[in-house]
Amino acid sequence: MVKIRLKKFGTKKRPCYRVVIQDSRKPRDGACIEEIGTYQPIAKEDAQVSIDLDRAKYWIGVGAQPTDIVKKLINVQSAKQVK
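A brief look at the structure comes next. Bear in mind the structure is a predicted one, so any value in this text is a computation, not a measurement.

Observations regarding the overall build of the protein
- What the protein contains, in helices and strands, is 2 helices and 5 strands.
- Counting only C-alpha atoms and orienting by the principal axes, one finds that the protein spans roughly 35 × 35 × 20 Å.
- Burial analysis of the protein (83 residues in total) assigns 34% to the buried set.
- Considering only residue pairs separated by 6 or more positions, the protein has 33% of its internal contacts joining residues 24 or more positions apart.
- Summed over its atoms, the accessible surface of the protein is roughly 5600 Å², and 51% of this surface lies on carbon and sulfur atoms.
- Separation between the mean location of the 18 positive side-chain charges and that of the 9 negative ones in the protein comes to 6 Å.

Printed below as a string of structure tokens:
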């Protein structure tokens, strides 16, 4: 099954994440199919989330399942674009 999930990178106590399309059987930091965005929890609130919503909608349309956190991030990004 293909999932939309977070891939961790960054340094100790300064995490950064990439929003990736990945096979659920692969390890968290393993090879991914596509990177569609970033999440930086330490950055200012308006610059924390950056996701390509068109690609996310495409992958959800072909059957990819977003994790709970990624669902929240997609909602934050879509609300940010509406403003």
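Here we look at the environment of Phe9
- With respect to the helices and strands, Phe9 occurs in strand β1 (residues 2–11).
- Given the relative accessible area of 30%, Phe9 is considered partly exposed.
- Leaving out residues up to four positions away in the same chain, Phe9 has contacts with Pro15, Cys16, Tyr17 and Arg18.

Regarding the nonpolar core
- If you look at the biggest cluster of nonpolar residues, it comprises 16 residues, and the most contacted ones within it are Ile4, Val19, Ile36 and Ile51.
- Elements with a minimum of two residues in this core: β1, β2 (14–23), β3 (34–39), β4 (49–51), α1 (53–61) and α2 (68–82).

Re the packing of aromatic side chains
- A complete count under the given rule lists 2 aromatic pairs for this structure.
- Measuring from centroid to centroid gives 6.0 Å for Tyr17 and Tyr39, while their planes differ by 20°, and the two rings are stacked. Here the residue Tyr17 occupies a position in strand β2, and Tyr39 occupies one in strand β3, the gap between them amounting to 22 residues.
- Above the plane of the ring of Phe9 lies Arg18, whose end atom (NZ or CZ) is 4.1 Å from the centre.

Regarding α1
- Residues of α1 that are buried: Leu53, Ala56 and Trp59. Burial along α1 is one-sided: seen end-on, the buried residues are contained in an arc of 125°. Exposed residues pointing more than 90 degrees away from the buried face of α1 are listed as Asp54, Lys57 and Gly61.
- Elements that come into contact with the buried residues of α1 comprise β1, β2, β3, β4 and α2.
- Of the residues one or two after α1, Gly63 is the one with positive phi, at around 115°.

Section: the side chain of Asp23
- Along the chain, the position of Asp23 falls in strand β2.
- With relative accessibility at 19%, the residue Asp23 sits in the buried group.
- Here the side chain of Asp23 touches Arg25 through a polar contact of 2.8 Å, side chain to side chain.
- Leaving out residues up to four positions away in the same chain, Asp23 has contacts with Met1, Arg5 and Ile33.

The rules behind each value
Residues numbered from 1 in each chain as written. Predicted model: local features only at pLDDT ≥ 70, side-chain atom pairs only at ≥ 80, totals over all residues. Heavy atoms only, no water. Helix = DSSP H or I, 4+ residues; strand = E, 2+ residues; numbered from the N terminus. Buried < 20%, exposed > 50% of the residue type's maximum accessible area, 1.4 Å probe, protein only. Contact = heavy atoms within 4.5 Å. Areas by Shrake-Rupley, 256 points an atom, 1.4 Å probe, with all protein chains shown as cover. Lys, Arg positive; Asp, Glu negative; His and termini not counted. Charge placed at Lys NZ, Arg CZ, Asp CG, Glu CD. Core = buried A, V, L, I, M, F, W, Y, C linked by side-chain atoms within 4.5 Å. Phe/Tyr/Trp six-rings, centres within 6.5 Å; stacked < 30°, edge-to-face > 60°. Lys NZ or Arg CZ within 6 Å of the ring centre and 35° of its normal. Arc of directions from axis to C-beta. Polar contact = N/O pair within 3.5 Å; in protein donor to acceptor, adjacent residues only side chain to side chain.

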